[in-house]
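Examining the three-dimensional arrangement
If you want the building blocks of each chain, they are given just below.
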Amino acid sequence: MALPGYALRAAGVRVDAPGVIVGAGGPATLEEVRSLLGTHRVWERFPAGA
């Protein structure tokens, strides 16, 4: 089994870069993504609307 982030590293992506999530499994990785969604800067650019 490949190490987490192997494909990203092979493509030249820094796995420690801001916004890059690397995990060993789907559920844990999804939880990390969900926790970051609330702080994503796109939410600061658009007003809340209906």
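Computed from a prediction, not measured in an experiment: that's the story for all the values here. (Residues numbered from 1 in each chain as written. Predicted model: local features only at pLDDT ≥ 70, side-chain atom pairs only at ≥ 80, totals over all residues. Heavy atoms only, no water.)

With respect to the overall build of the chain
When its secondary structure is counted, the chain shows three helices and zero strands. Listing the helices and strands of the chain from first to last along the sequence gives α-α-α. Looking at the chain residue by residue over its 50 residues, the buried ones come to 8%. Working note: accessible area of the chain is about 4,400 Å², and carbon and sulfur atoms make up 63% of it. (Helix = DSSP H or I, 4+ residues; strand = E, 2+ residues; numbered from the N terminus. Buried < 20%, exposed > 50% of the residue type's maximum accessible area, 1.4 Å probe, protein only. Areas by Shrake-Rupley, 256 points an atom, 1.4 Å probe, with all protein chains shown as cover.)

Section: the pattern of salt bridges
A side chain of one charge can pair with a side chain of the opposite charge if their charged atoms are brought near each other. Under the defined criterion, the tally for this structure stands at two salt bridges. With a closest N to O distance of 3.1 Å, Arg-34 and Glu-31 form a salt bridge. Of this pair, Arg-34 and Glu-31 both sit in helix H2 (residues 26–37), separated by three residues, roughly a single helical turn. Under the relative-accessibility criterion, Arg-34 is labelled exposed at 53%. (Salt bridge = Lys/Arg side-chain N within 4 Å of Asp/Glu carboxyl O.)

So, the confidence of the model for the chain
Any residue range with low pLDDT should be treated as having predicted coordinates unsuitable for detailed reading. The share of residues in the chain with pLDDT of 70 or more is 74%, and the mean pLDDT across the chain is 79. Averaged over each element, pLDDT in the chain is lowest for helix H3 (residues 42–45) (61) and highest for helix H1 (residues 6–10) (90). (pLDDT = per-residue confidence, 0-100.)

Considerations on a nonpolar patch on the surface
On the surface, Leu-30, Val-33 and Leu-37 cluster together into a nonpolar patch covering about 240 Å² of accessible area. Within the secondary structure, Leu-30 is located in helix H2. (Patch = residues over 30% accessible without salt bridge, like charges linked within 9 Å, V, L, I, M, F, W, Y side chains within 5 Å.)

Topic: the side chain of Thr-29
Note on placement: Thr-29 falls in helix H2. Looking at Thr-29, the relative accessible area reads 19%, which means it is buried. Among residues more than four places away in sequence, those in contact with Thr-29 are Ile-21, Gly-23 and Ala-24. (Contact = heavy atoms within 4.5 Å.)

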